[in-house]
Amino acid sequence: MKADGIRVENVSKRFGEGSAAIWALKDANLRVAPGEVVGLIGPSGSGKSTLLKCLGAVMDPTAGRMFLHEELIYEGGWKMGDLRALRRDKIGFIFQSPYLIPFLNATDNVALIPMLTGVRNAEARHRARELLEALDVHHRATAMPAQLSGGEQQRVAIARSLINRPPVILADEPTAPLDSERALAVIRILNTMAQRFDTAVIVVTHDEKIIPTFRRLYHIRDGVTHEEAGEGRSPGG
Amino acid sequence: MISLAGRDILHSWGKFVFTGFGLGLLIGVTLTMAGLYRGMVDDGMALLDNSGADLWVVQRDTLGPYAEPSGLPGDLWRDIRSVPGVAEAANVTYLTMQVGQGERDIRAMVAGVTAGDPGIPGWPPRLVAGRQITRGHYEAVADMSTGFALGDTLRIRRNHYTVVGLTRRMVSSNGDPMVFIPLRDAQEAQFLKDNDAILMQRRRAEADPSLNRPGIPGLLEAVLGTQTNNENVNAVLVRVHPGFAIQDVAENIRRWQRLTVYDRAQMESILIGKLIATAAKQIGMFLVILAFVSAAIVAFIIYTLTMDKIREIAVLKLLGARNRAIAAMILQQSLLLGLLGFVVGKIAATFAAPFFPRFILLIPADSLRGLLAVGVICALASLVAIRIALKVDPAEAIG
Ligand SMILES: Nc1ncnc2c1ncn2[C@@H]1O[C@H](COP(=O)(O)OP(=O)(O)OP(=O)(O)O)[C@@H](O)[C@H]1O
Ligand SMILES: [Mg+2]
């Protein structure tokens with residue numbers, strides 16, 4: 001059996017104390033293999049974002065274990081001191097809005113984090129341009145975010161999530177603002193990139209149009225996860 | 001590394017430049033205020049320099065002649081000149097008053113200088129036009145800042161004077177331009193009574209039985225004579241022979257003439273420590289207020305610039321940017337804003353200085369201090385925004 005890119009074991013998350021307590025996650029379980037893109041769907045308030053925040057090391061689970069690339073990262077506490085370095089080196093993030101830095105052009109948005117953490121500017125920009133080319137937005141490499149279309153912005157954001165070649169990408173409703181054609185294109189790109197870089201990808205979505213593209217899908221309801229096997233699902237793209 | 005602060009500024013330069021200009025005008029005012037104080041000190045120094053004196057002899061226990069009224073008999077200078085070591089001793093009067101020309105009048109310090117050769121203490125050391133006073137009456141040398149020209153007629157009390165020479169930067173410690181006239185005229189201007197007052201005084205003397213004694217002929221005339229003429233001066237300026245120690249000469253005059261004598265250093269401390277002390281405190285208060293206002297403006301604008309970016313900051317933290325990088329961005333923005341403000345302020349102050357009625361002396365050391373103060377103020381002002389940015393929860397970036 002292939003090693004897991006992401007493994008979530010019985011993760012729970014409680015907000016508040018006593019009678020006011022809300023269990024946003026109840027023994028959630030989830031596994032994603034390297035190179036695989038997995039969907040995570042559920043109604044509003046079901047705990048999707050909470051799960052991504054826990055996996056993204058910006059929120060502490062109340063209980064459970066989490067592994068990235070077979071490395072235990074959480075069990076009763078974080079296993080590393082520098083969570084920022086963990087996020088930077090191991091996890092790529094894609095959001096509902098691209099959240100590009102408005103005062104940097106496309107290339108620098110992609111190259112920003114390496115540039116801020118000691119990689120030479122030229123080297124970081126070179127890597128960024130390669131990714132923009134792979135995502136087919138290299139012709140807009142020097143454009144500012146405000147000059148890019150929604151789809152172009154989202155592709156730049158995907159390039160940014162890939163810049164440090166993370167083993168894991170967490171995407172929170174990445175296709176929400178896009179029309180179905182562009183939404184499907186984004187999923188196609190994620191599949192291609194996942195395979196090319198052996199990345200485990202979780203895509204949280206509400207988007208009916210893209211749900212059929214996932215080979216594997218997790219449903220989450222009231223903090224409880226259910227896996228849905230790919231009954232004749234077509235691979236994305 | 002990449003300068004986030006610089007990129008942000010280039011991107012939203014309109015807001016930045018606008019604020020920078022506003023801040024710059026404030027800094028310009030601050031530099032001008034500091035220049036005003038320097039100008040006041042310099043005016044005082046110019047006054048002392050131009051008097052050409054080593055020692056100022058004044059009425060006992062007064063801070064004369066610039067800071068307090070002082071009166072000395074007009075013939076005392078002869079005694080002082082005979083003190084060993086005294087090269088020159090000259091009477092002088094100073095009176096700040098209105099000097100008229102036609103319809104307008106200006107405030108000036110009128111100095112009465114003894115007749116004699118140019119170069120004796122009290123005389124204007126240099127002229128930029130015309131000549132020195134040569135006649136004993138009704139000639140004047142005026143500073144250019146009075147606006148008078150050669151040949152103009154000016155009015156001091158009831159007498160008219162012709163401007164024969166012009167000086168530059170001859171001012172009182174209040175910054176009023178100086179007008180030099182012959183000593184006798186100046187004494188008259190200072191002590192002259194009008195005709196009615198003379199008549200009244202004469203009548204009072206005549207009615208006083210102790211003065212009007214028919215048995216002693218000539219007494220009343222003698223008394224009336226002393227009442228109308230006035231030989232007083234405000235100070236005697238002394239220049240000491242090069243071979244003598246100034247302190248020794250001063251001590252001699254003090255001991256033998258029972259007068260108060262100030263040397264240059266004491267005169268400086270009177271001018272700076274007493275005469276302009278209140279003004280200096282006033283300016284100091286304004287500088288403090290301006291510093292607070294500048295800090296508030298910088299803090300406010302950096303705060304708004306940061307709040308506009310709060311989402312981006314959350315994203316940066318989520319993606320793994322260090323706190324240091326985020327704090328540096330805000331701090332650099334604040335410092336660059338301060339730098340822009342300083343440059344604008346410095347230019348504004350330099351161009352505005354000549355238009356102020358008082359002398360504004362902008363010295364590089366003050367500019368440097370100003371720049372440092374701006375740096376410190378901007379760094380402190382950015383702390384609020386930095387605190388907020390560092391508290392932003394990276395989880396906010398996720399839905
Ligand atoms: N910081 C918090 N404090 C208290 N309760 C919270 C907090 N964050 C989330 N919750 C609660 O946890 C539950 C799950 O929230 P979560 O944001 O994970 O939902 P979601 O599945 O992402 O919903 P949506 O599709 O609307 O984004 C909700 O009931 C929510 O109100
Ligand atoms: Mg959500």
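Residues numbered from 1 in each chain as written. Chains lettered and ligands numbered in written order. Predicted model: local features only at pLDDT ≥ 70, side-chain atom pairs only at ≥ 80, totals over all residues. Heavy atoms only, no water.

### Some points on the site of ligand 1
Residues and elements named next belong to chain A.
Then, number 1: Near ligand 1 the following residues occur: Phe15, Ala24, Pro43, Ser44, Gly45, Ser46, Gly47, Lys48, Ser49, Thr50 and His206.
Then, number 2: Gly45 has a polar backbone atom sitting 2.8 Å from an oxygen atom of ligand 1.
Then, number 3: One nitrogen or oxygen atom from the side chain of Thr50 is found 2.5 Å from an oxygen atom belonging to ligand 1.
Then, number 4: Summarising the interface, the protein chains cover 63% of the accessible area of ligand 1, which totals 630 Å² for the free molecule. (Near = heavy atom within 4 Å. Polar contact = N/O pair within 3.5 Å; in protein donor to acceptor, adjacent residues only side chain to side chain. Areas by Shrake-Rupley, 256 points an atom, 1.4 Å probe, with all protein chains shown as cover.)

### A word on the nonpolar core
Then, number 1: Formed by 116 residues in total, the largest nonpolar core has its most connected members in Ile6, Leu30, Leu170 and Ile202 of chain A.
Then, number 2: Considering each element in turn, this core owes the most residues, eight residues, to helix H11 (residues 323–352) of chain B.
Then, number 3: Not counting residues up to four positions away in its chain, the partners in contact with Leu30 of chain A are Ile6, Arg7, Val8, Leu40, Leu51, Ile202 and Tyr218 of chain A.
Then, number 4: By size, the runner-up hydrophobic cluster in this structure holds 26 residues, among which are Trp56, Tyr66, Val141 and Met267 of chain B. (Core = buried A, V, L, I, M, F, W, Y, C linked by side-chain atoms within 4.5 Å. Buried < 20%, exposed > 50% of the residue type's maximum accessible area, 1.4 Å probe, protein only. Helix = DSSP H or I, 4+ residues; strand = E, 2+ residues; numbered from the N terminus. Contact = heavy atoms within 4.5 Å.)

### Describing the packing of aromatic side chains
Then, number 1: For the structure shown, the criterion picks out five aromatic pairs over all chains.
Then, number 2: Measuring from ring centre to ring centre gives 4.9 Å for Tyr66 of chain B and Tyr94 of chain B, while their planes differ by 50°; the resulting arrangement is tilted. Residue Tyr66 of chain B is found in the loop between strand S1 (55–58) and helix H3 (76–81), and its partner Tyr94 of chain B is found in strand S2 (residues 86–101); the two are separated by 28 residues along the sequence.
Then, number 3: For Tyr66 of chain B, a relative accessible area of 11% gives the class buried.
Then, number 4: Each residue in the set Phe93, Phe95 and Tyr99 of chain A is aromatic and connected to the rest through ring pairs, giving one cluster.
Then, number 5: Its guanidinium or amino end placed over the ring of Phe359 of chain B, Arg169 of chain B lies 3.8 Å from that ring's centre, counting from NZ or CZ. (Phe/Tyr/Trp six-rings, centres within 6.5 Å; stacked < 30°, edge-to-face > 60°. Lys NZ or Arg CZ within 6 Å of the ring centre and 35° of its normal.)

### Digging into the domain arrangement of chain B
All names here are of chain B.
Then, number 1: You can read the domains of chain B as domain 1 (2–44 + 278–397) and domain 2 (50–274).
Then, number 2: Here the C-alpha centroids of domain 1 and domain 2 sit 50 Å apart.
Then, number 3: Each partner contributes residues to the interface: domain 1 has seven residues there, and domain 2 has eight residues.
Then, number 4: Both faces combined, the contact of domain 1 with domain 2 buries some 600 Å², and carbon together with sulfur accounts for 47% of it.
Then, number 5: It is Asp43, Gly44 and Arg358 that lose the most area in domain 1 upon contact with domain 2, and together they represent 58% of the buried surface on that side.
Then, number 6: Summed over the shared surface of domain 1 and domain 2, the number is two salt bridges.
Then, number 7: Inspection of the region where domain 1 meets domain 2 yields four residue pairs in polar contact (both at pLDDT 80 or more). (Domains from an automatic or database assignment. Buried area = accessible area lost by both parts, 1.4 Å probe. Salt bridge = Lys/Arg side-chain N within 4 Å of Asp/Glu carboxyl O.)

### As for the sheet that holds strand S2 (residues 22–32) of chain A
All names here are of chain A.
Then, number 1: Pairing is antiparallel in the open sheet, where four strands are placed in the order S2-S1-S4-S5. Looking along the sheet, the strands with just one partner apiece sit at the ends: S2 and strand S5 (71–75). Strand-to-strand twist of the sheet, defined as the mean angle between neighbouring strand axes without regard to direction, takes the value 20°.
Then, number 2: Across seven bridges, the pairing between strand S1 (residues 6–15) and S2 is antiparallel. Bridge pairing in S2 links Ile6 to Val32. (Pairing = 2+ DSSP bridges. Axes fitted to C-alpha atoms, helices over the stretch in contact; angles between N-to-C directions.)

### Some remarks on the side chain of Thr167 of chain B
All names here are of chain B.
Then, number 1: Relative to the helices and strands, Thr167 is located in strand S7 (residues 159–167).
Then, number 2: By relative accessible area, which is 0% here, Thr167 ends up buried.
Then, number 3: Thr167 has contacts with Pro124, Arg126, Leu127, Val128, Val141, Ala142, Asp143 and Met144, leaving out every residue within four places of it along the chain.

### Here we look at the interface of chain A and chain B
Then, number 1: Between chain A and chain B, the contact holds 26 residues from the first and 26 residues from the second.
Then, number 2: Roughly 2,600 Å² of surface becomes buried between chain A and chain B when both sides are summed, with 66% attributable to carbon and sulfur atoms.
Then, number 3: Looking at the side of chain A facing chain B, the largest losses of area belong to Arg84, Phe103 and Leu116 of chain A, adding up to 29% of the total buried there.
Then, number 4: At the boundary of chain A with chain B, the tally comes to one salt bridge.
Then, number 5: Two residues, Arg7 of chain B and Asp108 of chain A, come together in a salt bridge whose shortest N-O distance is 2.8 Å.

### Describing a nonpolar patch on the surface
Residues and elements named next belong to chain B.
Then, number 1: Nonpolar side chains collect at one region of the surface, where Leu336, Leu339, Val343, Ile347, Phe351, Leu368 and Leu371 lie side by side and expose about 630 Å² of accessible area between them.
Then, number 2: When contributions to the nonpolar patch are tallied by element, the ones reaching two or more residues are H11 and helix H12 (364–391).
Then, number 3: Sorting elements by how many residues they give to the nonpolar patch places H11 first, with five residues.
Then, number 4: In this structure, Leu336 sits in helix H11.
Then, number 5: The class for Leu336 is partly exposed, based on a relative accessible area of 35%. (Patch = residues over 30% accessible without salt bridge, like charges linked within 9 Å, V, L, I, M, F, W, Y side chains within 5 Å.)

### Focus on the sheet that holds strand S9 (residues 216–221) of chain A
Residues and elements named next belong to chain A.
Then, number 1: Judged by pairing direction, the sheet is mixed, and its six strands sit side by side in the order S6-S7-S8-S3-S9-S10 without closing on themselves. Taken across any chain shown, the strands that pair with only one partner, and hence form the sheet edges, are strand S6 (91–94) and strand S10 (224–228). Sheet twist, expressed as the mean angle between neighbouring strand axes with direction ignored, is 20°.

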